[in-house]
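# Notes for the structure review
So you can see what is in the structure, the chains are spelled out below.
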Amino acid sequence: MDDFLRDFVFKQRKFGRFTFSFLDVLLAACITGTGVMLRLAVVEYTVTNTHKLGAMFIDFILAYLCAELVYDSTRHRNRAFLTYSILVIYPTMIANSALWGQNSVYYVFFLFVGLYFWERGRKWRGLLGIAVGVVMALARMELSTKSLTLGWPNFYEIIGKEKFADLYNQVSVLCLTGILLTMIYIFVKKNVTLTRELSLRLFLFLALLIPYFAPSMPAWAGLTADIAALVYCMRWPKKFYVPMLHLIVSYSAYANIINGETKLPMPLYSVILLILLTDVGAGIYQEVVTSVRKGYKR
Amino acid sequence: MNKFLKKYELDRADVLYLAALTLIGLAIRVILRVVTSEDWKVYWDPWISDLRQMGFAYLATDRYDYAPSFVYILWVISKLPINPMTAYKAIHIVIDFVAAAVMGKIVMETTGSKIKSFCTYGFMLLVPTLWAESALWAQCDIIFMTFLLFCFYYLIQERPNMALFFYGLAFAFKLQSLFIFPFLVILWVNKKIKLQHFLWIPGLYFLSIIPAWIAGRPLMDLINIYMAQGAQDVWSLSIKWPNIYQIIGNQYFLLEYAEAGTWLILGILMCVMFAMAQKRYRITSEFMIQMGLFFAILTPYFLPHMHERYGCVADILAVIYAMMNIKRFYIPLVHILMSFNSYMAYLSHLENQEPSIYYGVWAFVELGLLVIVGLDMWRYMTNPENQTQVVKAGVVTEERE
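Analysis parameters
Residues numbered from 1 in each chain as written. Chains lettered and ligands numbered in written order. Predicted model: local features only at pLDDT ≥ 70, side-chain atom pairs only at ≥ 80, totals over all residues. Helix = DSSP H or I, 4+ residues; strand = E, 2+ residues; numbered from the N terminus. Rg over C-alpha atoms; globule rule 2.2 N^0.38 Å. Buried ≥ 20, exposed ≤ 12 C-beta atoms within 10 Å, placed from the backbone. Contact = placed C-beta atoms within 7 Å. Domains from an automatic or database assignment. Nonpolar A, V, L, I, M, F, W, Y, C, P; charged D, E, K, R; others polar. Core = buried A, V, L, I, M, F, W, Y, C linked by C-beta atoms within 7 Å. Expected span 1.5 Å × (residues − 1). pLDDT = per-residue confidence, 0-100. Axes fitted to C-alpha atoms, helices over the stretch in contact; angles between N-to-C directions. Parallel < 35°, antiparallel > 145°, perpendicular 65-115°, else oblique. Left-handed = near helix turned anticlockwise from the far one by under 90°.

### Considering the overall build of chain B
Within chain B, the regular secondary structure consists of 19 helices and 5 strands. Its C-alpha radius of gyration of 22 Å places chain B within 12% of the 21 Å reference for a compact globule of 401 residues. Referenced to the eigenvectors of the C-alpha coordinate spread, the extents of chain B come out at roughly 65 × 65 × 50 Å. In chain B, which comprises 401 residues, the share counted as buried stands at 45%. Taking all contacts inside chain B whose residues are at least 6 apart in sequence as the whole, residues at least 24 apart take part in 76%.

### Some words on the overall build of chain A
Counting its regular elements, chain A contains 13 helices and 4 strands. The C-alpha atoms of chain A give 20 Å as radius of gyration, which agrees with the globular expectation for 298 residues (19 Å, within 12%). Taken along the three principal axes of its C-alpha coordinates, chain A extends 75 × 60 × 35 Å. Of all 298 residues assigned to chain A, the portion counted as buried reaches 38%. Considering only contacts within chain A whose residues lie at least 6 apart along the sequence, 70% involve residues at least 24 apart.

### Comments concerning unusual backbone geometry
Residues and elements named next belong to chain B. Its identity is not glycine, yet Ala138 carries a phi of approximately 65°, on the positive side. In this structure, Ala138 sits in the loop between α7 (128-137) and α8 (141-156). The backbone of Glu158 shows a phi angle near 60°, a positive value even though the residue is not glycine. Tracing the sequence through the fold places Glu158 in the loop between α8 and α9 (160-173).

### Thoughts on the domain arrangement of chain A
Buried accessible area, meaning the area lost when the parts come together, often serves as the stated size of an interface. Residue and element names in this part refer to chain A. Here chain A is described as being made up of domain 1 (14-103) and domain 2 (141-298). Between domain 1 and domain 2, the residue contacts involve 17 residues of the former and 15 residues of the latter. Of all the secondary-structure elements, those providing two or more residues to the side of domain 1 that touches domain 2 are α3 (50-74), α4 (77-88) and α5 (91-99). Class assignment for the residues of the side of domain 1 that touches domain 2 results in 10 nonpolar, 6 polar and 1 charged.

### Notes on the interface of chain A and chain B
Between chain A and chain B, the contact holds 21 residues from the first and 24 residues from the second. Secondary structure elements with two or more residues in the side of chain A that touches chain B: α8 (155-159), α9 (165-189) and α13 (266-297) of chain A. Ranked by residues supplied to the side of chain A that touches chain B, first place goes to α9 of chain A with 14 residues. Its residues placed into classes, the side of chain A that touches chain B shows 12 nonpolar, 6 polar and 3 charged.

### Digging into the nonpolar core
Core analysis: the biggest nonpolar cluster contains 200 residues, and Cys66, Leu87 and Leu204 of chain A together with Met103, Leu149 and Tyr167 of chain B have the highest contact counts within it. Considering each element in turn, this core owes the most residues, 12 residues, to α8 of chain B. When near neighbours in sequence (up to four residues on either side) are disregarded, Cys66 of chain A contacts Thr83, Leu87, Phe112, Ile227 and Val231 of chain A.

### Examining the environment of Ala28 of chain A
Residues and elements named next belong to chain A. Relative to the assigned elements, Ala28 resides in helix α2 (residues 22-42). For Ala28, a count of 17 C-beta atoms within 10 Å puts it in the partly exposed group. For Ala28 and Val108, which are 80 residues apart along the polypeptide, the C-alpha to C-alpha distance reads 23 Å.

### Focus on helix α16 (residues 285-302) of chain B
Here α16 of chain B spans 27 Å end to end across 18 residues, near enough to the 26 Å set by a 1.5 Å rise per residue. For α16 of chain B, the buried fraction is high: 16 of the 18 residues fall into the buried class.

### Structural notes on the confidence of the model for chain B
Of the residues in chain B, 97% have a pLDDT of 70 or more, and the chain-wide mean is 91. If you check the scores for this complex, the pTM reads 0.90 and the ipTM reads 0.88.

### Notes on the packing of α16 of chain B against helix α17 (residues 312-324) of chain B
Residues and elements named next belong to chain B. In contact at an axis separation of 9 Å, α16 and α17 are set at 150° when each is read in the N-to-C sense. When the interaxial angle is binned, α16 and α17 end up roughly antiparallel. α17 is crossed by α16, and the crossing has left-handed handedness. Contact with α16, carried on its side by Glu286, Ile289, Gln290, Gly292, Leu293, Ala296 and Ile297, involves Val313, Ala314, Leu317, Ala318, Ile320, Tyr321 and Met324 of α17 and no other residues of that element. Per-class residue counts for the contact of α16 with α17 are 11 nonpolar, 2 polar and 1 charged.

### Overview of α4 of chain A
Residue and element names in this part refer to chain A. Its 12 residues place the ends of α4 17 Å apart at the C-alpha level, agreeing with the 16 Å of an ideal helix rising 1.5 Å per residue. Every buried residue of α4 is listed here: Ala80, Thr83, Tyr84, Ile86, Leu87 and Val88. On its buried face, α4 is in contact with α2, α3, α5 and α11 (223-235).

### Things to note about the domain arrangement of chain B
Residue and element names in this part refer to chain B. Per the domain assignment, the segments making up chain B are domain 1 (10-173 + 192-232) and domain 2 (233-393). Taking the mean C-alpha position of each, domain 1 and domain 2 sit 22 Å from one another. Between domain 1 and domain 2, the contact holds 27 residues from the first and 22 residues from the second. At the level of elements, α5 (84-111), α6 (114-126), α7 and α8 are the ones that each hand at least two residues to the side of domain 1 that touches domain 2. The element contributing the most residues to the side of domain 1 that touches domain 2 is α8, with 7 residues. Looking at the side of domain 1 that touches domain 2, its residues break down into 16 nonpolar, 6 polar and 5 charged.

### Quick notes on the packing of helix α2 (residues 12-32) of chain B against α7 of chain B
Residue and element names in this part refer to chain B. Two elements in contact, α2 and α7, have axes separated by 8 Å at closest approach and are oriented at 40°. One way to sum up the angle between α2 and α7 is to call them oblique. Crossing angle aside, the handedness with which α2 passes α7 is right-handed. Contacts from Ile28, Arg29 and Leu32 of α2 reach α7 at Trp131, Ala135 and Leu136. In the contact of α2 with α7, the residues fall into 5 nonpolar, no polar and 1 charged.

Next up, the structure:
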């Protein structure tokens with residue numbers, strides 16, 4: 001009987017292109033249930049409407065999509081499972097949709113759909129997904145002329161949020177454009193091939209960089225980077241500290257807006273984000289150098 | 001078009017990038033030009049008004065405490081039929097672009113990489129301390145910094161006469177050019193500069209004060225103008241610059257530490273120069289920039305009464321240094337952030353309040369950068385591959401190429 005049960009639990013069964021054991025299905029079902037319960041526990045904090053219900057549903061689809069992304073790049077079933085499991089109970093995702101009702105997951109979903117297609121070699125669909133995500137994100141933004149940040153601990157937490165807000169609103173966008181153009185210029189000149197790995201690194205880097213310098217960033221501006229950091233960590237497990245720290249920063253930003261206070265000063269979180277940005281940027285640099293060297297050898 | 005591209009060995013991507021970054025740099029400055037800073041209201045505007053009324057005779061008065069060379073620029077502005085603040089900022093904005101171009105040239109000379117050179121030009125136009133100084137604050141440090149950059153450029157080209165000519169020009173505009181003076185002494189020790197080249201410094205300064213002297217201001221007054229400048233703003237040992245006084249306390253022993261701090265930095269510089277003079281090593285372009293950066297960080301770190309802008313020389317040298325040594329990319333990143341934080345503390349009228357990250361914390365960060373650059377220099381000097389001669393008891397005992 002024992003052997004039968006053990007066999008039943010661990011035996012791999014094939015369903016179409018997927019192979020599952022009972023344990024896998026059990027974890028998937030239980031963690032999905034936990035995700036649902038977690039959301040139900042906090043859902044009454046804000047009004048629940050179809051928009052919010054839709055966002056909560058998309059949370060799960062996004063978790064699945066990210067698991068696919070991880071599986072595609074690592075061919076590691078357990079990591080893919082873990083990605084889905086963690087994202088289903090990811091605090092910022094739950095807080096964003098179920099608790100706070102911000103529903104940012106709609107635009108984040110399209111950004112990841114874009115990444116998914118891009119990584120699969122379907123460049124145009126990838127670009128379209130990212131473009132839709134960007135447009136949706138921009139449509140949600142409200143430009144403040146009083147404060148340079150609306151809750152996200154970025155550059156302006158360090159240098160001051162209020163002075164010259166109306167001018168820095170424009171200057172920061174120009175500086176960001178300059179930085180992005182410089183990156184594009186280097187990539188074009190060095191003939192860098194956008195590999196799957198480099199695409200993921202770049203995706204995370206931009207998800208960190210843009211909210212760090214863009215004006216009027218709300219507390220949930222780091223949601224894309226939160227999720228991308230987890231996928232990044234699953235691809236390179238040594239980078240486990242990236243999602244860990246980013247999640248702490250991100251959730252503290254939520255807490256600062258929702259509760260009106262944080263236990264640690266916000267500028268500290270800005271410094272942590274700067275360190276993460278630098279760390280991910282250094283990874284891109286190394287990848288580019290390797291890619292260029294390979295290009296020379298070819 | 002193709003001929004032009006071929007002549008300058010450019011491709012379309014280069015031209016597009018340079019054009020786009022030039023436009024972005026210009027747009028940033030055009031947006032910020034509308035700000036009227038305290039310095040403009042309290043100093044430049046009244047000075048220009050006086051120059052308008054009195055003409056050249058204004059130079060005979062003691063109403064200005066900046067180098068006369070700068071006041072001549074204000075005199076020219078007072079003659080222009082346009083808004084003086086627009087004219088003032090426009091001049092400094094143009095110099096921003098010249099400085100960015102010289103930076104690009106220096107990086108081209110030292111690294112041989114066109115991509116790095118163009119990126120330096122583009123990056124310099126985005127550096128917040130640069131656009132904040134000229135377009136927002138209406139400060140004038142970019143003038144002497146540009147001359148210092150020319151000085152580095154000609155030193156790298158092994159044209160010491162031109163280099164010291166530009167250093168002399170920098171000194172004729174701002175006393176802060178002296179921050180990196182010890183590095184010229186080390187170059188002299190290593191036979192890269194001759195003693196007569198140093199004559200440009202007093203020579204150009206003297207030439208620059210002649211018009212003001214002719215106008216009627218006493219010669220001794222003009223010679224001592226930097227001394228008089230140093231005697232102002234003594235209400236704090238550090239005026240928002242994160243240095244040693246932000247760690248030990250900048251509001252106590254104001255008189256005592258002001259004098260002691262000056263002697264202390266002189267002593268430190270003597271020790272550093274003595275240590276550096278004990279060995280003979282190859283003076284490469286990278287080492288020159290390294291030395292410049294080291295002294296640009298070290299001197300304001302111990303000198304009392306340092307203003308929030310006095311990290312500007314280190315800001316730009318750090319960018320060149322990082323372009324030469326990409327592993328040190330974080331030095332400009334951190335230094336510019338620190339500098340800009342100090343700028344914003346002044347521009348936000350924080351007065352005696354601390355910024356969100358305390359000056360004391362930044363002072364430790366600056367110390368860390370100083371140690372990193374210092375160690376890089378030390379490793380270079382002690383690396384046998386870089387040594388050409390060894391000096392023992394003042395005598396050159398061994399020489400090798």
